[in-house]
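# Residue-level structural notes
Spelled out, the chains give:
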Amino acid sequence: MTSPSHGTVPRPEQWWSGEAAPWAALEPQRLEGISLDRVAAALARRGLEGVPAEPLEVDGWRAAVADGPAAAPSSRHSAVLIALFEEAGESRVILTRRAEHLRTHSSQVSFPGGRIDPGETPLDAALREAHEEVALDPALARPLGHLPSVVTMVSGSLIQPIVVALERRPDLMANPGEVARVFDVALADLVAFEAFSEELWVLEGIVPGGAEGVPMWFFDVADELIWGATGRLLVDLLSTVLDLEPTRGFRV
């Protein structure tokens, strides 16, 4: 598959096309019928059904951010909400495109979420941010579990993903101060052959192992190009649901 060309992607000077999707060899029937029950069962199989009271740190994160370009303080913790609802037997996930005027990750697709305030749990922060960004009613959300934390390459922020099920399609409204667009996409559409591509980026001196080529994952769906930390988390979610080996991408 050719790499996505639309959108603003700050590719390094050295990069090349990577491998097919982790799920490319699966039988078509395994890529359909991704219900909320199936997601919950997959999280439980991996021991991810609980909601952590605080972000789960990635091995080596503190040393990596201290030595890296972001030089982030250890308190830089965030949470994102992977909010799913079901229609016609298929789980759909809520995503946003960040406003153009934001200082970091402007115009990029992301999950609702943000900084964890003092005294908040990751779930508290993710629900609060989702309400502020897209008016998601926290009462609709039932926690299903979590995914392993990831670290952003730009800011060095530790992100704790929280997975919740919504009892129905929510009524959402983008906060123009933070969000340019709110939309949803079926997990089955994300694993469609034409949706995914991988690139290997040479990021020597930026991330561990960067000289060898770091996998970057892209989804071209719903008239949006999804990549970066959001792309990594979607691959993690889909690999978990499809019972595939944990992904090999950048974590620290």
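As enumerated under the stated definition, the model contains 6 aromatic pairs in all. With a centroid separation of 5.5 Å and an interplanar angle of 70 degrees, the aromatic rings of Phe 196 and Phe 219 are classed as edge-to-face. Highlighted residues: Phe 196 in strand E10 (residues 196–201) and Phe 219 in strand E11 (residues 214–221), separated in sequence by 23 residues. Each of the two residues, Phe 196 as well as Phe 219, counts as buried. Measuring from centroid to centroid gives 6.3 Å for Phe 218 and Trp 227, while their planes differ by 15 degrees, and the two rings are stacked. Summarising the burial analysis for this pair, Phe 218 and Trp 227 share the class buried. Each residue in the set Trp 23, Phe 196 and Phe 219 is aromatic and connected to the rest through ring pairs, giving one cluster. The ring centre of Phe 183 lies 4.6 Å from the NZ or CZ of Arg 181, which sits over that ring.

Now for the side chain of Glu 224. Within the secondary structure layout, Glu 224 lies in strand E12 (residues 224–226). Here the side chain of Glu 224 touches Arg 181 through a polar contact of 2.8 Å, side chain to side chain.

Turning to helix H1 (residues 36–45), a few remarks are in order. All buried positions along H1 are accounted for by Leu 36, Val 39, Ala 42 and Leu 43. The buried residues of H1 occupy an angular sector of 125 degrees when the element is viewed end-on, so they sit on one face. Every exposed residue of H1 that faces more than 90 degrees away from the buried side is listed here: Asp 37 and Arg 45. Following H1 by one or two positions, Gly 47 has its phi on the positive side, about 70 degrees.

Another point: the confidence of the model for the protein. Per-chain confidence: the protein averages 86 in pLDDT, with 84% of residues scoring 70 or above. Confidence drops under a pLDDT of 50 for residues 1–6, and excluding neighbours within four residues, the segment shows 19 contacts in the predicted structure. Across residues 61–74, where pLDDT falls below 50, the model places 24 contacts with residues more than four positions away in sequence or in other chains.

On to the pairing of E11, then. Within E11, 7 of the 8 residues are buried, leaving the element largely enclosed by the surrounding structure. With 6 bridges connecting them, E10 and E11 associate as antiparallel partners. Each residue of the ladder has a partner; that of Glu 199, found in E11, is Met 216. Sheet analysis places E11 next to E12, joined by 3 bridges and oriented antiparallel. Looking at the pairing, Phe 219 lines up with Ile 226 of E12.

Here we come to the nonpolar core. Within the largest apolar cluster, 42 residues are counted, with the highest numbers of intra-cluster contacts made by Trp 23, Val 93, Leu 187, Leu 190 and Phe 219. Taken together, the elements giving at least two residues each to this core come down to H1, strand E2 (77–87), strand E3 (90–98), strand E8 (158–166), strand E9 (179–186), helix H4 (187–190), E11 and helix H5 (228–241). Counting residues per element, this core draws most heavily on H5, at 7 residues. In this view, Trp 23 contacts Leu 31, Leu 190, Val 191, Phe 196, Phe 219, Val 235, Leu 238, Ser 239, Leu 242 and Leu 244; residues no more than four positions away in its chain are not counted. Listed in part, the 19 residues of the second largest apolar core include Ala 83, Leu 136, Ile 162 and Leu 166.

Our next topic: H5. An ideal rise of 1.5 Å per residue puts 20 Å on 14 residues; H5 measures up with 20 Å between its terminal C-alpha atoms. Most of H5 sits out of view: 14 of its 14 residues are buried. Phi for Asp 243, located one or two positions after H5, is positive at around 60 degrees.

The rules behind the values
Each chain has its residues counted from 1, following the order in which its sequence is written. Local features in this predicted model are restricted to residues whose pLDDT is 70 or higher, and side-chain atom pairs enter the listing and the counts only when it is 80 or higher, whereas totals over whole chains, interfaces and linings include all residues. In computing side-chain properties, one takes all heavy atoms of the structure into account and sets aside hydrogens as well as water. In this scheme Phe, Tyr and Trp rings, the latter by its six-membered ring, pair at centre separations within 6.5 Å, and the angle between planes marks the pair as stacked below 30 degrees, edge-to-face above 60, and tilted otherwise. Numbered from the N terminus, helices here are DSSP runs of H or I no shorter than four residues, and strands are runs of E no shorter than two. Note on classification: 1.4 Å probe, protein chains only; a residue is buried when its accessible area is under 20% of the maximum for its type, exposed when over 50%, partly exposed between these limits. As a reminder, the over-ring test applies to NZ of lysine and CZ of arginine, requiring each to be within 6 Å of the ring centre and within 35 degrees of the ring normal. Two N or O atoms form a polar contact when they lie within 3.5 Å of each other; inside protein one atom must be a possible hydrogen donor and the other a possible acceptor, and for residues adjacent in sequence the pair counts only when both atoms belong to side chains. What the arc describes is the spread of directions from the helix axis to the C-beta atoms. Confidence scores here are pLDDT values: one per residue, from the predictor, ranging 0 to 100. Any two residues having at least one pair of non-hydrogen atoms within 4.5 Å are treated as being in contact. Pairing between strands requires that DSSP locate at least two bridges from one strand to the other. Residues grouped as a nonpolar core are buried Ala, Val, Leu, Ile, Met, Phe, Trp, Tyr and Cys residues, joined through side-chain atoms within 4.5 Å. Residue count minus one, scaled by 1.5 Å, sets the expected span of a helix.

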